[in-house]
Protein chains: 2
Amino acid sequence: MSKNTLRVIPLGGLGEIGKNMLLLEYGDDMVAVDAGVMFPEEEMLGVDLVIPDISYVTERASKLRGYLITHGHEDHIGALPYVLGQAKAPVYASRLTAGLIKVKLREHRSLGNVTINEVTPGEKIKLGCFTTEFFRVCHSIPDAMGLAIDTPQGLVIHTGDFKFDHTPVDGRPSDFAKLASYGNRGVMLLLSDSTYAELPGYTPSEQVVGEALDRVIGRSQGRVIISTFASLISRVQQVADAAARHDRKLAVVGRSMVENVQMSIKLGYLKLPHGLLRRIDEMDSLPDNKVVIVTTGAQGEPTSALVRMANADHREVTLKEGDTVVFSATPIPGNETLVYKTINKLMRRGAKVLTDKAERVHVHGHAAQEELKAMISLTHPKYFIPIHGEYRHLKTHAGIAEALGVEHDNIYVLEDGDVLEVDHKGAKRGARVAAGPIYVDGLARWDMSNIVLRDRKTLSRDGIVVVFIVVGRQDSRVVGRPELISYGFLDEGEQEMLLPPAKELVVQALSAARGQPADLSFIHSTVQDALRQYFFKATKRRPMILPVAMEV
Amino acid sequence: MSKNTLRVIPLGGLGEIGKNMLLLEYGDDMVAVDAGVMFPEEEMLGVDLVIPDISYVTERASKLRGYLITHGHEDHIGALPYVLGQAKAPVYASRLTAGLIKVKLREHRSLGNVTINEVTPGEKIKLGCFTTEFFRVCHSIPDAMGLAIDTPQGLVIHTGDFKFDHTPVDGRPSDFAKLASYGNRGVMLLLSDSTYAELPGYTPSEQVVGEALDRVIGRSQGRVIISTFASLISRVQQVADAAARHDRKLAVVGRSMVENVQMSIKLGYLKLPHGLLRRIDEMDSLPDNKVVIVTTGAQGEPTSALVRMANADHREVTLKEGDTVVFSATPIPGNETLVYKTINKLMRRGAKVLTDKAERVHVHGHAAQEELKAMISLTHPKYFIPIHGEYRHLKTHAGIAEALGVEHDNIYVLEDGDVLEVDHKGAKRGARVAAGPIYVDGLARWDMSNIVLRDRKTLSRDGIVVVFIVVGRQDSRVVGRPELISYGFLDEGEQEMLLPPAKELVVQALSAARGQPADLSFIHSTVQDALRQYFFKATKRRPMILPVAMEV
């Protein structure tokens, strides 16, 4: 690799490639785009969060010139509290994004001496050999931006998460003209959002959602409860506007939603007519047809406000016949079952439930195929890397780029840890670097091979039996009777029936060793074999069996 | 309740009400419709299967006159090996269904002296006061039937799982004329499949799937691998027909698929041209464009043939560039993530992947709204109970029935264990009976409140620490040093660092009791408190802590 090589390295988290972090490296300079988390899948037992493996960065921490953040969603900012400690560098983000980052760092008490710089679209930031211009894009959170990064090997465009909405709620569409001007200058490499690459056509405008919410609120006789993502501030604006038009009051419920609304009002991203917003406990004194509640829980999150309402477990809101609950969101893949269970519970309480299947009460935040084509046409890049998506999305996006004339050999479907190297001779794949998900559990950071998670899986299947055997310190003979403890394996009746004979079995199995100096590995395997057989025969289950010899 | 009361009782399993079993009871007679299993959700740690709670039946086992089985899917027959032992009665089913039941009972070695009666559409079975005529319906397995049950309180129609396909693969559509004749006679109660009650319009005919499969096989240059449900014999027929038309050979891969194909050929439900079917190891000698493989794994089941291929872990099929893999199935809710992961892996191996998003390679087996309306119009029942669906489906179906003129007060949205009582004065809800899911784990049968499953959940989150303390039998004093064992909690480095001080901490905590007769509950709570605090501070995790005192 020559000194004049630009290296592009996606570092993801779970499944979605290049989503949580992407590195650009040239000579002695490196910049990171985004630093996000993923939420653990159900099989990652007990894991709190998943962050990208940044060992490649920490080993070169002195080269890192900054973090360029595209927008304020968790999967783009959530890892900052974790990575800033290991690889400190200034953070660059839009105003709202910077606000959300500060809240996050404060929660983690890791604000310390981190520099967070607010940038505005059009502003240029020079970090080593990289000069970045931020440009405006539409997404499902205000103040999202893409990046135009001038590198010694040419212009790199990173779209961030984007869509082309010509009538967004905040009146600030993605910057077509800017993108075209980059295209005219010549784009060496385009990195583009692939999340919805499988969806034909265009993503409808937020405008149609505003109209649908207006219809729903207008025609409902009772209270209207609208659940959406806490970060979808433009949706809250739409709900507020519709509530005001139909002479209703608005209450916000759910901790993260309340926090985001407060910050958005403060920073000017949410504009509410005076007197519209009420505390939730003030709503009880209003007639039902004067009430709109906006809340979290659209993904069926077990501790969210909406799910607590569905479980009749919410302190302030008790559902009743005549309420209308709107899911202004679609289930994220993997959350479908939780969402459907929540809908069932809401309906059991008499609420009418409306999802985007019946009415356009939600559009997503990512470009569909025609928009992806527009992005490629505007920038007509020499090289193309689809990012932000599972492999199937990247492949589909690659096919779209090829159909639009990007040369087949100039399209790179990378995985996390893959490296694209670009120099004056062209582009090629470099040697892979460390990448992959890191599981955060309390203070621990584990990679996928960690034994603790495998042990939990074993425990979760059939539980555990611990066998204690006391051995004399002086003569190494087995002393007294063994003790058996089972957990997550036998119910009460089975314990009474099976544990005494199991104990007897251990005694017998050890009788060969009685009076002899104890051979611990012999004790271990003898006890394990005897109990494994016995318990499987009696229960057809295979608990973890852990014999422990202890000297007194 | 008068002696002349008909009782209708759905007994479900997981979420889908009345799906796995439904009871009709009158005087001294009872019949059960279906006896199926559900597969455990991910949170039901270690559970093998879920069966309905049939304690209501077993307490009245002498009244049970028979099991009427609508079709051969697992969620309708899978519980027979479990319930026949507790409540024996003859089984009535169509030829193919009976064949599948026999296989199942043989696997469980519970065929014993169970009577399995084959019935054909139009045949009438008298069981006590219930006379049942079976009628033909279309579904995603051949030989499905609905039930017209003459009871002392009038005619009850149970649709089973159904759709109205006018051009089904086997040429045997749902019996419209029969349904109309029941309607003319007067239907007291309709129990109808609600699975797709939220879907507007008509379910397209299987014919369009046949055409799509024909196109895909016709235009593919390489091998075509088609995955579907093992029980969807008509789909195998369509694949076979298309393979024959395009001069390809067919191999069947996957244990359950092979078994079902063999049985279906034997019983005449699958008609393959001579020489079409080949062993999979014979396929290697054929050119790729002569090969079609039909296989299991369309739901991303981890041990299925397709997933093994995706993992490059299948003995006989190695995927390569040029292969086309077709998912002739849609993901069952909850399976989406598994299916998408499988697609990603298949694409990484170079296979082209086709799902029903791109081409009509699948239609489901249930009636959509227009078909549900047709069913209600044909039978125009006095009472209506939507069954087979989550609560949200039942509610929607109830709304459809009301829109078609069934009286609001005559529509009963029941949950499992709810009872509808019908006598000469009319219908009303009766007192609920025992119902709900029973978890099968090995030989154990547990209900939802079982502590073992809750303990496994605890274990799966942060693991376990067992603390052993030895107490002298004579003087009840603490002897020697405690022993600590952790599992699923600490990684190796943490164990080395944290366990010795933890042991020391237990010693200190017990020092108050040293030399004193041991108070076991004092030891227990002291040790638990000390370790809980210590471990949380050191790891921010909360393992299960289990102190055990043992006398020597």
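What counts as what
By convention here, each chain's residues receive numbers from 1 onward along its written sequence. Written order determines the labels here, with chains lettered from A and ligands numbered from 1. Totals for whole chains, interfaces and linings use all residues, but because this is a predicted model, local features are given only for residues with pLDDT of at least 70 and pairs of side-chain atoms are given and counted only at 80 or more. Secondary structure is summarised from DSSP: a helix means a run of H or I of at least four residues, a strand means a run of E of at least two, and numbering begins at the N terminus for each. Once C-beta atoms are placed from the backbone, each residue is buried if 20 or more other C-beta atoms lie within 10 Å of its own, exposed if 12 or fewer, and partly exposed for counts between those two. A pair of residues counts as a contact when their C-beta atoms, built from backbone coordinates, are within 7 Å of each other. To define a nonpolar core, we join buried Ala, Val, Leu, Ile, Met, Phe, Trp, Tyr and Cys residues through C-beta atoms within 7 Å and take the resulting set. By this rule, a helix spans an expected 1.5 Å times one less than how many residues it contains. Directions drawn from the helix axis to the C-beta atoms are what define this arc. For two strands to count as paired, DSSP must find a minimum of two bridges between them. In this classification, the charged set is Asp, Glu, Lys and Arg, the nonpolar set is Ala, Val, Leu, Ile, Met, Phe, Trp, Tyr, Cys and Pro, and all remaining amino acids, among them Gly, are polar. Values of pLDDT, the confidence the predictor places in each residue, fall between 0 and 100. Alignment of the copies relies on least squares applied to C-alpha atoms, considering only residues that score at least 70 for pLDDT in both. Every axis in this analysis is a line fitted to C-alpha atoms, fitted for helices over the stretch in contact. Angles between the N-to-C directions lie between 0 and 180 degrees. Here the angle decides the label: under 35 degrees means roughly parallel, over 145 means roughly antiparallel, 65 to 115 means roughly perpendicular, and every other value means oblique.

Colleague: An account of the overall build of chain A is needed here, citing residue identities and associated values.
Modeller: Each helix and strand in chain A was counted, giving 15 helices and 25 strands. The principal-axis extents of the C-alpha atoms in chain A amount to approximately 90 × 70 × 45 Å. Here chain A holds 552 residues, and 52% of them are scored as buried. For chain A, contacts bridging at least 24 residues in sequence account for 73% of all contacts bridging at least 6.

Colleague: Report on the nonpolar core, specifying residues and quantitative values.
Modeller: Here is a general trend for soluble globular proteins: nonpolar side chains tend to be buried in one another's company. Judged by nonpolar contacts, the single largest core of 346 residues is most densely connected at Val467(A) and Val467(B). When sequence neighbours within four positions are dropped, the list of residues in contact with Val467(A) reads Pro482(A), Leu484(A), Val506(A), Val527(A), Leu531(A), Ile545(A), Leu546(A), Pro547(A) and Val548(A).

Colleague: Before we move on, could you go through helix 15 (residues 520-539) of chain B and cite the residues and values that matter?
Modeller: All names here are of chain B. Helix length check: helix 15, at 20 residues, gives a terminal C-alpha distance of 28 Å against a target of 28 Å (1.5 Å per residue), a fit within 8%. Of the positions making up helix 15, those classed as buried are Ile523, Val527, Leu531 and Phe535. Looking down the long axis of helix 15, one finds its buried residues gathered within 55° of arc, a one-sided arrangement. Facing away from the buried side of helix 15 by over 90 degrees, the exposed positions are Ser521, Asp529, Gln533 and Lys537. Downstream of helix 15 by a residue or two, Lys540 has a phi angle that is positive, lying close to 55°.

Colleague: Break down the pairing of strand 24 (residues 478-487) of chain B for me, with residues and values.
Modeller: All names here are of chain B. Counting buried residues along strand 24, seven of its ten residues qualify, which places the element largely inside the surrounding structure. Sheet topology places strand 23 (residues 464-471) next to strand 24; seven bridges connect them, and they run antiparallel. From the neighbouring strand, Val471 faces strand 24, where its bridge partner is Val478.

Colleague: Break down the interface of chain A and chain B for me, with residues and values.
Modeller: Many analyses report the size of an interface as the accessible area lost when the parts associate. Of the residues lining the interface, 54 residues belong to chain A; the matching set on chain B comes to 56 residues. The element best represented in the side of chain A that touches chain B is helix 13 (residues 451-462) of chain A, accounting for eight residues. Here the side of chain A that touches chain B is composed, by residue class, of 26 nonpolar, eleven polar and 17 charged.

Colleague: Tell me about the confidence of the model for chain A, residues and numbers included.
Modeller: Mean pLDDT for chain A: 93, with 98% of residues reaching 70 or above. Interface confidence for the predicted complex, expressed as ipTM, amounts to 0.90; the pTM equals 0.92.

Colleague: Just give me the short version of the relation of the copies chain A and chain B, but keep the residues and values in it.
Modeller: In the superposition of chain A on chain B (RMSD 0.1 Å, axial shift 0.1 Å), the rotation amounts to 180°. Expressed as an axis order, the relation between the two copies is that of a two-fold axis. For chain A, the residue whose C-alpha comes nearest the rotation axis is Ser460(A), separated from it by 2.5 Å. Of the interface residues in chain A, 100% have counterparts in chain B that sit at the interface too, so the contact is made through matching surfaces.

Colleague: A description of unusual backbone geometry should follow, citing residues and the corresponding values.
Modeller: Residue and element names in this part refer to chain A. The phi dihedral of Ala312 falls on the positive side, at around 55°, and the residue is not glycine. Relative to the helices and strands, Ala312 resides in the loop between helix 9 (305-310) and strand 16 (324-327). Using a count of 12 C-beta atoms within 10 Å as the deciding quantity, one classes Ala312 as exposed.

Colleague: Mind laying out the packing of helix 13 of chain A against helix 13 (residues 451-462) of chain B, listing which residues take part and the relevant values?
Modeller: The relative placement of two packed helices comes down to the angle between their axes together with the axis-to-axis distance. In the contact formed by helix 13 of chain A and helix 13 of chain B, the axes pass within 8 Å of each other and the chain directions differ by 180°. The orientation of helix 13 of chain A relative to helix 13 of chain B falls into the category roughly antiparallel. Residue-level inspection shows Arg456(A), Leu459(A) and Ser460(A) of helix 13 of chain A in contact with helix 13 of chain B, the latter providing Arg456(B), Leu459(B) and Ser460(B). In the contact of helix 13 of chain A with helix 13 of chain B, the residues fall into two nonpolar, two polar and two charged.

Colleague: Tell me about the sheet that holds strand 3 (residues 29-33) of chain A, and name the residues and values.
Modeller: All names here are of chain A. If you walk across this open sheet you meet the eight strands as 7-6-5-3-2-1-19-20, and the pairing is mixed. One side of each edge strand has no neighbouring strand; the edge strands of this open sheet are strand 7 (116-118) and strand 20 (426-430). Within the sheet, the average angular offset between the axes of one strand and its neighbour, ignoring direction, is 20°. Relative to strand 2 (residues 21-26), strand 1 (residues 6-11) runs antiparallel, the two sharing six bridges. Each bridged residue has a counterpart across the sheet, and for Leu6 the counterpart in strand 2 is Tyr26.

Colleague: If you had to explain the environment of His314(B) to someone new, which residues and values would you point to?
Modeller: All names here are of chain B. Tracing the backbone through its elements, the reader meets His314 in the loop between helix 9 (305-310) and strand 16 (324-327). For the pair His314 and Gly66, spaced 248 residues apart in the sequence, the C-alpha separation amounts to 43 Å. Aside from chain neighbours lying at most four places away, what touches His314 is Ala305, Arg308 and Met309.

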